[in-house]
Amino acid sequence: KEHLGTPEKRTVSQWLFDTQEKAAAASDALKSGQAANEVKKAFPPKNGQITVMRDIRPDALPKEAADAAFSIEKGHVSAPVETAFGWHVFVVDGITPAKIPSLKES
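Reading the values: rules and limits
- Residues numbered from 1 in each chain as written.
- Predicted model: local features only at pLDDT ≥ 70, side-chain atom pairs only at ≥ 80, totals over all residues.
- Heavy atoms only, no water.
- Helix = DSSP H or I, 4+ residues; strand = E, 2+ residues; numbered from the N terminus.
- Expected span 1.5 Å × (residues − 1).
- Buried < 20%, exposed > 50% of the residue type's maximum accessible area, 1.4 Å probe, protein only.
- Arc of directions from axis to C-beta.
- Contact = heavy atoms within 4.5 Å.
- Phe/Tyr/Trp six-rings, centres within 6.5 Å; stacked < 30°, edge-to-face > 60°.
- Pairing = 2+ DSSP bridges.
- Axes fitted to C-alpha atoms, helices over the stretch in contact; angles between N-to-C directions.

1. Considering helix α1 (residues 20-31)
Three- or four-residue spacings in an α-helix give side chains the same orientation, since the helix completes a turn every 3.6 residues. The end-to-end C-alpha distance of α1, which contains 12 residues, comes to 16 Å, matching closely the 16 Å that a straight helix rising 1.5 Å per residue would cover. Every buried residue belonging to α1 is among Ala23, Ala26, Ser27, Ala29 and Leu30, and all of these are buried. All buried residues of α1 fall inside an arc of 165° around its axis, so they share one side. Seen from the buried face of α1, the exposed residues on the opposite side, beyond 90 degrees, are Glu21 and Asp28. Where the residues of α1 are buried, they touch β1 (9-17), α2 (36-42) and β4 (86-96). Residue Gly33 follows α1 closely and has a positive phi angle near 100°.

Here's what the structure looks like:
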C-alpha cells in the first residue's frame, strides 16, 4: 500500500549564497520577521534570485538540502546548509502531506 501512495511534497523558497556568513545573516533576518524583499536587498542571494520550487519531493534535492527543507514547518526558515552548489536557506511556503490510499482506494 505504501508503494501506491504519494510522498509528501513541499513548496519551498530557496535562497542560495556564496558564503556561510551571508546565508546565516539572511536566515537570522528572515527568522526575526524581516520582510523577504528587505532581506533580499540587504543580503542579495547568488545571481540576485530566490528560487521557488513547487511540489518538490525529498528525493529531488541533495540529501543535506532535503534534510533541511523537510525538517521545518510551513512558514519557517531553515538554518544555512551547505551543498556542492553553495550555502542554502529554505523557507517552507506550503506542504502537501503524504497520501497512502486505503485498501478500498487501492
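Here the narrative resumes.
2. Remarks on the packing of aromatic side chains
Here the structure, examined in full by the defined rule, presents one aromatic pair. Pairing Trp15 with Phe17 gives two aromatic rings, centres 6.5 Å apart and planes at 20°, and the pair type is stacked. Among the residues examined, Trp15 registers a relative accessible area of 2% and is labelled buried. For Phe17, a relative accessible area of 1% gives the class buried.

3. Some details on the sheet that holds strand β3 (residues 81-83)
Pairing in this open sheet of four strands is antiparallel, and the strands run β2-β1-β4-β3 from one edge to the other. Sheet topology places β2 (50-56) and β3 at the edges, where each strand pairs with a single neighbour. Along the sheet, successive strands turn relative to each other by an average axial angle of 40°, direction set aside. Note that β3 and β4 share three bridges and pair antiparallel. Directly across from Val81, in β4, lies its bridge partner His88. α1 rests against β1 and β4 of the sheet, and its axis sits at about 30° to β4.

4. Quick word on the environment of Glu38
Within the secondary structure layout, Glu38 lies in helix α2. For the pair Glu38 and Ala26, spaced 12 residues apart in sequence, the C-alpha to C-alpha distance is 10.0 Å.

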